[in-house]
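# Breakdown of the fold
So you can see what is in the structure, the chains are spelled out below.
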Amino acid sequence: MSVEDIYKILNEISPFELQEPWDNSGLLVGDWKHEVNEVVLSIDIDEELLEELHEDTLIITHHPIIFGGLKQLQFNQYPAKLLQKMLQKNISNIAMHTNFDQTHLNAYVATQILGYKIVQKEGFVAYMEVNENYDTFANSISEKLGIEHIKCVKCHEFIKTIALTTGSGASLMKSIKADCFLTGDIKYHDAMEAKTMGLSMIDIGHFESEKYFGEVLAKDLINLGISVIISSSKNPFTYI
């Protein structure tokens, strides 16, 4: 299949037009007419992954490898070092980022991983009812996502409603209409603001909340006709 053939299928699954104006989803590396022999699904692209891939592979990633404008290509720096290797091996890349968050990823984590029913969905935010003691709820989230230690902002003893945004969603906190907001990459000043607002928060990790990208998308590509592999994406952070 050609890159263009696969792109059209992906666009039906999760339309690229749904991506945010600041995003860079779509075909980032490759040629529309290039024939690919294998598809690999991964959150990101790293050197270890590229070493393992065969030539003429298409990588479908969650995060765009090219995000801002490229002003230079120095092959000892990110992302140029990875792009050089991709060009050498004829490896293409399509990113499905904010469009896939809205259509698939947030809902999957909410229902299939956390086990709650979505009662309302507004763009990137999924709302659920939980009615649980805060500490019990926080420990449950930690266990379900496999996070040994989680950062919490505790403004409630009892949580009736929660909001979820996978990845990095703290910028949305002022619009949240729930007792507790679950998202990743919560910064110090976000926590200070949340305390002032009376909004409980739980940091569910950027990688930890998005690591399901491959398994979610693979379900829709089962009849693609060529090999589809879910990469064992690795968290760039090491916890000691």
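Look a little higher up for the structure.
We now turn to the structure provided with this report.

Let's shift gears to the overall build of the protein. Each helix and strand in the protein was counted, giving eight helices and eleven strands. Expressed as a percentage of the 240 residues in the protein, the buried residues total 50%. Put simply, 64% of the contacts in the protein that link residues at least 6 apart link residues at least 24 apart. Summed over its atoms, the accessible surface of the protein is roughly 12,300 Å², and 50% of this surface lies on carbon and sulfur atoms. Distance from the positive charge centre (19 side chains) to the negative charge centre (34 side chains) of the protein: 5 Å.

Residues Leu-10, Ile-60, Leu-182 and Leu-217 are the most contacted members of the largest nonpolar core, which totals 46 residues. Among the elements that make up this core, the one with the highest residue count is helix α4 (residues 98–113) (six residues). In this structure Ile-60 touches Ile-6, Leu-10, Val-39, Val-40, Leu-41, Ser-42, Ile-94, Met-96, Phe-213, Leu-217 and Leu-221, once residues within four positions along its chain are discounted. If you look at the next biggest cluster of nonpolar residues, it comprises 15 residues, including Val-29, Leu-53, Ile-59 and Leu-83.

What follows is about the packing of aromatic side chains. Inspection of every chain in the model, using the stated rule, returns six aromatic pairs. Judged by centre distance (6.2 Å) and plane angle (55°), the ring pair of Tyr-116 and Phe-137 falls under tilted. Within this pair, whereas Tyr-116 is found in the loop between α4 and β5 (118–122), its partner Phe-137 is found in helix α5 (residues 134–145), the two being separated by 21 residues in sequence. Across the pair, exposure class does not vary: Tyr-116 and Phe-137 are buried alike. Among the aromatic residues, those joined into a ring-pair cluster are Tyr-7, Phe-16 and Trp-32.

With that out of the way, let us pick up the pattern of salt bridges. Two side chains with opposite charge may pair up if their charged atoms get near one another. Applying the stated criterion across every chain, the model contains nine salt bridges. Residue Lys-33 is joined to Glu-4 by a salt bridge in which the shortest nitrogen-to-oxygen separation is 2.6 Å. Of this pair, Lys-33 sits in the loop between β1 (26–29) and β2 (38–42) while Glu-4 sits in helix α1 (residues 3–13); the two residues are 29 residues apart in sequence, bridging distant segments of the chain. Residue classification places Lys-33 among the exposed residues on the basis of a relative accessible area of 59%.

Turning our attention to unusual backbone geometry. The amide bond that connects Tyr-78 to the next residue, Pro-79, takes the cis arrangement and shows omega of 5°. Looking at the element boundaries, Pro-79 is found in the loop between β3 (57–61) and α3 (80–88). Backbone geometry places Asp-56, a non-glycine residue, at a positive phi of 65°. In this structure, Asp-56 sits in the loop between α2 (47–52) and β3. Located in the positive-phi region is Asn-131, a residue other than glycine, with phi close to 50°. Following the sequence through the fold, Asn-131 ends up in strand β6 (residues 125–133). The exposure class assigned to Asn-131 is partly exposed, which follows from its relative accessible area of 45%.

On to α4, then. Relative to the 22 Å expected for 16 residues at 1.5 Å per residue, α4 spans just 20 Å between its end C-alpha atoms, considerably shorter than the ideal helical length. At His-104, α4 shows its maximal bend, which comes to roughly 45°. For α4, every residue scored as buried is listed here: Thr-98, Asn-99, Phe-100, Asp-101, His-104, Leu-105, Asn-106, Tyr-108, Val-109, Ala-110 and Ile-113. Immediately downstream of α4, the backbone of Gly-115 shows phi near 85°, a positive value.

Here is what the cut-offs are and how they apply
- Residues numbered from 1 in each chain as written.
- Predicted model: local features only at pLDDT ≥ 70, side-chain atom pairs only at ≥ 80, totals over all residues.
- Heavy atoms only, no water.
- Helix = DSSP H or I, 4+ residues; strand = E, 2+ residues; numbered from the N terminus.
- Buried < 20%, exposed > 50% of the residue type's maximum accessible area, 1.4 Å probe, protein only.
- Contact = heavy atoms within 4.5 Å.
- Areas by Shrake-Rupley, 256 points an atom, 1.4 Å probe, with all protein chains shown as cover.
- Lys, Arg positive; Asp, Glu negative; His and termini not counted.
- Charge placed at Lys NZ, Arg CZ, Asp CG, Glu CD.
- Core = buried A, V, L, I, M, F, W, Y, C linked by side-chain atoms within 4.5 Å.
- Phe/Tyr/Trp six-rings, centres within 6.5 Å; stacked < 30°, edge-to-face > 60°.
- Salt bridge = Lys/Arg side-chain N within 4 Å of Asp/Glu carboxyl O.
- Expected span 1.5 Å × (residues − 1).
- Bend = angle between axes of the 7 residues up to and from the residue.

Just distances and angles here, no functional claims.
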